[in-house]
Amino acid sequence: MKKSNDRYRLSNGTMIPCIGYGTYKTPCDEVGLKAIKDAIEVGYRHIDTAAAYQNEYLVGQAIKESGLPRSDFFITSKLANPNQGYQSTLDAFEHTCTDLQSDYVDLYLIHWPIPIGHKDDWKTLNQETWRAFEKLYNEGRIKAIGVSNFLIHHMENLLETAVIAPMVDQLEFHPKYQQREIVEYCRNKNILVESWGPLMRGAAFDDPTLIALSAKLGHSIAQISIRWCLQKGVLPLPKSVHRDRMTSNKEVFDFVLSDEDVSILDAMNTTTNYVFHPDKNDEWFK
Ligand code: NDP
């Protein structure tokens, strides 16, 4: 990869820009709209949103007002947890398309494997949801289908009945939470891993190892974290509402982390997730 819109190839041949612009907590107001427009102006063409963020409509508006053709963009959205199930997925997808002002989505993900209230029936629920994803994919309404926050046992369950395997798994992934088992599993199955929280949701900026590495290399902590994701073959989705930050976050192609620096970052790994764990997330899904 030599620039932010160079692309990874997904297992079905779909090409996806190697850095995406995250929009979780991008406010649903003028500030949020301006941030997404700024992201487009500074060059992002891959935007990651979700029905749960309630800002899909801002992404649609920003794209429309950019004057650029829809085909210039790669838009990911995610099915909200309460809408899992066959018919409810089909209905929710139409809402997403309406909000995005688009009749298709480039990449659509199941946001979380176990919605609240589904501890006992999540397996069949995921399989039914996936059947709807496959229908929309076969109809050309979605260019690539995938999952998010799926660990190996969630993935194995889905694959029991899937006709089409997921092309992406979007996971919490950063130097302090590398999720090596599921990442390796995805690599072996040609499923691209995307990193949510590549900047540890802001905690990266207080980390002593990253502070020292940044001083040594003369690149920002964000740039080092994002570069590390790319060197791991993972697709980072950094979020910022500040134009200067979103600009510098994609300026990661004029340096390479040495094997030694990668080892330092690799050694930061812990087994502690930052916020939500897919199997212990009930409260968040109220
Ligand atoms: P990030 O790791 O991207 O961190 C975002 C935080 O870092 C914000 O507080 C931002 O502040 C700050 N920041 C960004 N760039 C810089 C910089 N250069 N210098 C200093 N501070 C900076 O966290 P996210 O949780 O947003 O994850 C990224 C994206 O991943 C989300 O936006 C979303 O699209 C996706 N996601 C998916 C999830 C899933 O379940 N699939 C879960 C969570 C996120 P500011 O905006 O003020 O600049």
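Look above for the structure.
First, a word on what this report is: a plain description of the structure on this page.

How each quantity is defined
- Residues numbered from 1 in each chain as written.
- Predicted model: local features only at pLDDT ≥ 70, side-chain atom pairs only at ≥ 80, totals over all residues.
- Heavy atoms only, no water.
- Helix = DSSP H or I, 4+ residues; strand = E, 2+ residues; numbered from the N terminus.
- Rg over C-alpha atoms; globule rule 2.2 N^0.38 Å.
- Buried < 20%, exposed > 50% of the residue type's maximum accessible area, 1.4 Å probe, protein only.
- Contact = heavy atoms within 4.5 Å.
- Areas by Shrake-Rupley, 256 points an atom, 1.4 Å probe, with all protein chains shown as cover.
- Lys, Arg positive; Asp, Glu negative; His and termini not counted.
- Charge placed at Lys NZ, Arg CZ, Asp CG, Glu CD.
- Phe/Tyr/Trp six-rings, centres within 6.5 Å; stacked < 30°, edge-to-face > 60°.
- Lys NZ or Arg CZ within 6 Å of the ring centre and 35° of its normal.
- Salt bridge = Lys/Arg side-chain N within 4 Å of Asp/Glu carboxyl O.
- Patch = residues over 30% accessible without salt bridge, like charges linked within 9 Å, V, L, I, M, F, W, Y side chains within 5 Å.

### A few points about the overall build of the chain
- When helices and strands are tallied, the chain shows 10 helices and 10 strands.
- Taking 19 Å as the expected radius of gyration for a compact globule of 286 residues, we find that the chain reaches 18 Å, a close match to that expectation.
- Looking at the chain residue by residue over its 286 residues, the buried ones come to 56%.
- For the chain, restricting intrachain contacts to residue pairs at least 6 apart in sequence, the fraction spanning at least 24 positions comes to 74%.
- About 12,200 Å² of surface is accessible on the chain, with carbon and sulfur atoms providing 50% of the total.
- For the chain, the distance from the average site of its 31 positive side-chain charges to the average site of its 38 negative ones is 3 Å.

### Structural notes on the side chain of Asn249
- Structurally, the position occupied by Asn249 is in the loop between helix H9 (243-248) and helix H10 (259-266).
- Look at Asn249 and you get buried, because its relative accessible area is 4%.

### Focus on the environment of Asn249
- Considered as a pair, Asn249 and Ser4 are 245 residues apart in the sequence and their alpha carbons are 9.7 Å apart.
- Look past the residues within four positions of Asn249 in its chain and what remains in contact with it is Ile19, Tyr44, Leu199, Ala222, Ile226, Pro238 and Ser240.

### Notes on the packing of aromatic side chains
- Counted by the stated rule, this structure contains eight aromatic pairs.
- When the ring of Tyr21 is compared with that of Tyr44, the centres are 5.3 Å apart and the planes differ by 50°; the resulting orientation is tilted. Here Tyr44 lies in the loop between helix H1 (30-41) and strand S4 (46-48) and Tyr21 lies in strand S3 (residues 21-22), a separation of 23 residues in the sequence.
- Given a relative accessible area of 0%, Tyr21 falls into the buried group.
- With centroids separated by 4.8 Å and ring planes inclined at 20°, the aromatic side chains of Tyr108 and Phe133 adopt a geometry described as stacked. One end of the pair, Tyr108, is in strand S6 (residues 105-110); the other, Phe133, is in helix H4 (residues 122-138), and 25 residues separate them in sequence. Of the two residues examined, Tyr108 and Phe133, each falls in the buried class.
- Three or more aromatic residues link up through ring pairs in this structure, and these residues are Phe93, Tyr108, Trp130 and Phe133.
- Taking the ring centre of Tyr86 as reference, the NZ or CZ of Arg131 above it sits at 4.2 Å.

### Description of the pattern of salt bridges
- Here the structure, examined in full by the defined rule, presents 14 salt bridges.
- Here Arg187 and Glu184 are joined by a salt bridge, their closest N and O atoms 3.8 Å apart. In this pair, Arg187 and Glu184 both sit in helix H6 (residues 180-188), three residues apart, roughly one turn of the helix.
- The class for Arg187 is partly exposed, based on a relative accessible area of 46%.
- Linked through salt bridges whose partners overlap, the residues forming this network are Lys34, Asp38, Glu41 and Arg243.

### Considerations on a positive patch on the surface
- Together, Lys25, Arg201, Lys239 and Arg245 make up a region of like positive charge exposed at the surface.
- Tracing the backbone shows Arg245 in helix H9.

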